[in-house]
Amino acid sequence: MKSQKIGFIGTGVMGASIVKHLLNAGHEVTIYTRTKSKAEELITLGAMWASSPAEASKNQQIIFTMVGYPKDVEEVYFGTGGIFSVVKEDTILVDMTTSEPTFAKKIYNEAKSKGLHSLDAPVSGGDIGAKNGTLSLMVGGDFNIFEKMKPVFEVFGQNIIYQGEAGNGQHTKMCNQIAIASGMIGVCESMAYGLKAGLSMDDVLRSITAGAAGSWSLSNLAPRILQGDLEPGFYIKHIIKDMKIALDEAERMNLQLPGLALAKSMYDQLLEEGYGDNGTQALVEFYK
């Protein structure tokens, strides 16, 4: 694959690992994140530092964004000194932030008007998938641009699926988050029940992860729960943001999602108790 000039804005828990894969594949990567000290390892590995999103976006062939909230996406793309203020024609913009489908369409339309290309490509797989280069990507936008980007996506992703027009990547991510948020209730209640019954939970997991109850969360996060490891593969404060987006979209579609509403109320309580920077598996604390 030919080396690309890439700007990468937002090198958090998952973004940093993605940048490492891009560097290892021989791409020229310029990075920006709010706290430079958190990017020192990437700079040591060969990433170039930019002092602003605009600086990271100048003279690039591809720009990735992976920031926290929709308001951050708005600022990075449309704000003073944002991407759209400096980016050159024919650049490909890829937003991997989990954000609003309607906002993905706004970015797409603005990009089109400026002779640019835009994909919404949220990911799933958490910190483990990012480290291993096995992320799932759900991509919305023009198919020809998806095809052009696929070799780059394959550097850090394994399950890369085109979902259709702009915004559909984000809609698909909502489906993913709904399943995770509601499913985590089942994982945590299963752990709480087994511990209360006095079972050897390592043995329990050996049985149930291989059966009909098996899931990514059960295989990867339940062991963390048993070890008391509440560190984030994905932050509680971010899953709450995603659940709100999904509930708002569902309301627009006149669709009721009571399971998701219950999960959000439980996570909201944990947020109030100070667990916002813990991983989604910290839902187990609700049962203590």
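Here we look at the overall build of the chain
When its secondary structure is counted, the chain shows 13 helices and nine strands. The C-alpha atoms of the chain give a radius of gyration of 19 Å, which matches the 19 Å a tight globule of 288 residues would have. Seen through its C-alpha atoms, the chain measures out along the principal axes to roughly 60 × 45 × 35 Å. As presented, the chain carries roughly 13,200 Å² of accessible surface, and 49% of it is formed by carbon and sulfur atoms.

Description of unusual backbone geometry
Residue asparagine 59 is not a glycine yet carries a positive backbone phi of 55°. Take asparagine 59: it is sitting in the loop between helix H3 (53-57) and strand E4 (62-65). Phi at asparagine 254 is positive, roughly 60°, even though this residue is not glycine. Along the polypeptide, asparagine 254 turns up in the loop between helix H12 (236-252) and helix H13 (258-272).

A look at the nonpolar core
Nonpolar side chains in soluble globular proteins tend to end up buried together. Counting 34 residues, the largest nonpolar core has Phe8, Leu22, Phe64, Met96, Phe153 and Phe156 as the members making the most contacts within it. Elements that contribute at least two residues to this core include exactly strand E1 (5-9), helix H1 (15-24), strand E2 (28-32), E4, strand E5 (92-95), strand E8 (135-141) and helix H7 (143-153). Once you skip the residues sitting within four places of it in the chain, phenylalanine 8 turns out to touch Gly15, Ile18, Val19, Leu22, Val29, Thr30, Ile31, Tyr32, Phe64, Met66 and Met96. Among the nonpolar cores identified, the runner-up in size contains 30 residues, and Met174, Met184, Val204 and Val284 belong to it.

Thoughts on the packing of aromatic side chains
Enumeration over the complete set of coordinates arrives at 12 aromatic pairs. Both rings, one in phenylalanine 78 and one in phenylalanine 103, keep their centres 5.9 Å apart while their planes meet at 65°; by these two values the pair is edge-to-face. Note that phenylalanine 78 is positioned in helix H4 (residues 70-78) and phenylalanine 103 in helix H5 (residues 101-113), a separation of 25 residues in sequence. Between phenylalanine 143 and tyrosine 162, the ring centres sit 5.1 Å apart and the planes meet at 70°, which makes this aromatic pair edge-to-face. With a gap of 19 residues between them, phenylalanine 143 in helix H7 and tyrosine 162 in strand E9 (residues 157-164) connect regions that are remote in the sequence. On the basis of relative accessibility, which here comes to 44%, the residue phenylalanine 143 falls in the partly exposed class. Chaining the aromatic ring pairs together yields one cluster made of Phe8, Phe64, Phe153 and Phe156.

Conventions adopted
Residues numbered from 1 in each chain as written. Predicted model: local features only at pLDDT ≥ 70, side-chain atom pairs only at ≥ 80, totals over all residues. Heavy atoms only, no water. Helix = DSSP H or I, 4+ residues; strand = E, 2+ residues; numbered from the N terminus. Rg over C-alpha atoms; globule rule 2.2 N^0.38 Å. Areas by Shrake-Rupley, 256 points an atom, 1.4 Å probe, with all protein chains shown as cover. Core = buried A, V, L, I, M, F, W, Y, C linked by side-chain atoms within 4.5 Å. Buried < 20%, exposed > 50% of the residue type's maximum accessible area, 1.4 Å probe, protein only. Contact = heavy atoms within 4.5 Å. Phe/Tyr/Trp six-rings, centres within 6.5 Å; stacked < 30°, edge-to-face > 60°.

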